[in-house]
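Observations on the three-dimensional arrangement
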Amino acid sequence: ATDDTYLLDNTVPSSTSFVRQTPATSPTNADSLVFRATFSEAVTAVDAADFTASGTTTATVTNVAAVSPSVYDVTLSGGNLAGFNGTVGLNLSGSQNITDLAGNSFPTTEPTTDETFIVDNAAPSTTSFVRQTPSGSPTNADSLVFRVTFSEAVSGVAAADFAASGTTATLSVASMSTSVYDVTLTGGDLANLNATVGLNFATSPTISDLAGNTLPNTEPATDDTYLLDNTVPSSTSFVRQTPATSPTNADSLVFRVTFSEAVTAVDAADFTA
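Quick look at the structure, then. (Residues numbered from 1 in each chain as written. Predicted model: local features only at pLDDT ≥ 70, side-chain atom pairs only at ≥ 80, totals over all residues. Heavy atoms only, no water.)

**What about the overall build of the protein?**
- Summing up its helical and strand segments, the protein has zero helices and 22 strands in all.
- Taken against the 2.2 N^0.38 rule, which gives 19 Å for 273 residues, the C-alpha radius of gyration of the protein at 35 Å runs more than 25% over that of a compact globule.
- Dimensions along the principal axes, computed over C-alpha positions, put the protein at roughly 140 × 35 × 35 Å.
- Within the span of the protein, comprising 273 residues, buried residues form 32% of the whole.
- Counted over contacts in the protein with a minimum sequence separation of 6, partners at least 24 positions apart contribute 66%.
- Here the protein has roughly 14,800 Å² of accessible surface; of this, 52% comes from carbon and sulfur atoms.
- If you average the places of the 6 positive and of the 27 negative side-chain charges in the protein, the two averages end up 23 Å apart. (Helix = DSSP H or I, 4+ residues; strand = E, 2+ residues; numbered from the N terminus. Rg over C-alpha atoms; globule rule 2.2 N^0.38 Å. Buried < 20%, exposed > 50% of the residue type's maximum accessible area, 1.4 Å probe, protein only. Contact = heavy atoms within 4.5 Å. Areas by Shrake-Rupley, 256 points an atom, 1.4 Å probe, with all protein chains shown as cover. Lys, Arg positive; Asp, Glu negative; His and termini not counted. Charge placed at Lys NZ, Arg CZ, Asp CG, Glu CD.)

**Digging into the sheet that holds strand β6 (residues 71-77)**
- Taken in spatial order, the five strands of this open sheet run β5-β6-β2-β1-β9, and their pairing is mixed. Because the sheet does not close on itself, it has two edges, and the strands there are β5 (60-68) and β9 (113-114).
- Note that strand β2 (residues 32-39) and β6 share seven bridges and pair antiparallel. Counterpart to Arg36 in the pairing with β6 is Asp73. (Pairing = 2+ DSSP bridges.)

**What to know about the pairing of β2**
- When you tally the buried positions in β2, you get six out of eight residues, the bulk of the element.
- One ladder, built from six bridges, connects strand β1 (residues 15-22) with β2; its direction is antiparallel. Note that in β2 the partner of Ser15 across the bridge is Phe39.

**Section: unusual backbone geometry**
- That bond from Thr22 to Pro23 is cis: its omega, -5 degrees, falls within 30 degrees of zero.
- Here Pro23 shows up in the loop between β1 and β2.
- Residues other than glycine seldom take positive phi values, yet Ala45 does so here, at roughly 65 degrees.
- Following the sequence through the fold, Ala45 ends up in the loop between β3 (43-44) and β4 (51-54).
- Even without being glycine, Ala265 reaches a positive phi, approximately 65 degrees.
- Turning to its location among the elements, Ala265 is positioned in the segment after β22 (254-259).

**Things to note about the pattern of salt bridges**
- In total, this model carries three salt bridges according to the counting rule given.
- Note that Asp73 and Arg36 form a salt bridge whose closest N and O atoms lie 2.7 Å from each other. Of this pair, Asp73 sits in strand β6 while Arg36 sits in strand β2, and the two are 37 residues apart along the sequence.
- Its relative accessible area of 23% is what places Arg36 among the partly exposed residues.
- A salt bridge links Arg147 to Asp182; the nearest nitrogen and oxygen atoms lie 2.7 Å apart. With Arg147 in strand β12 (residues 143-150) and Asp182 in strand β16 (residues 180-186), this residue pair connects regions lying 35 residues apart in the sequence.
- Here Arg147 falls in the partly exposed class, since its relative accessible area comes to 23%.
- With a relative accessible area of 10%, Asp182 lands in the buried category. (Salt bridge = Lys/Arg side-chain N within 4 Å of Asp/Glu carboxyl O.)

Next up, the structure:
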């Protein structure tokens, strides 16, 4: 009636994976990083001394929590993590003493799936606001496009993050890449405006990098503007130039034409005797 058996197990356990658990995404500026360590079978004696952080961070293993007999959540925190910029991973320590339930020692071998966190605590910056369309200034265009470039990929970029200076035009935003956005100014008083128009940040922009670091409200070093000119030019004078006196019997007569402002496309076809 009582007929015991032994289950013989001489197979050493292995680590299946170290994966990001909290936060689930990378890059991050989190001050606490949780890796989920999964083993091939139930293991025992799993504690903080069995793991260590990889990379140049001075963070340490501050907690190990069992999710199941073969799955453990390992927390890294402290050290320089709050201000760290670099890659952080989880390694087994050289003195780990994990075994399976039969007593087979766990080899100090990293798993095939061995994820890391990119830790980013550096705030993004704004590289430039440059004229995009039209590319030149002055202009009488009714639509002005500024190209905004950031130092890295950012998120949360919307029209409410920007403000136009010198005009009542409204703004819209289009993404060119994760770090480049075109901000278009249209409407308002642009059609008849004679003034300098620029692009600024709103009082409280909500832009951040992919790790969650907030963009400071600081204008970039390269900060182009448009000079809006909707006033038509006029001709100020046609004045005798050569010869300077009249009457004359000269075979060539030169008139000096003066306009109210700089003009272009002036050629012989524009005049007649």
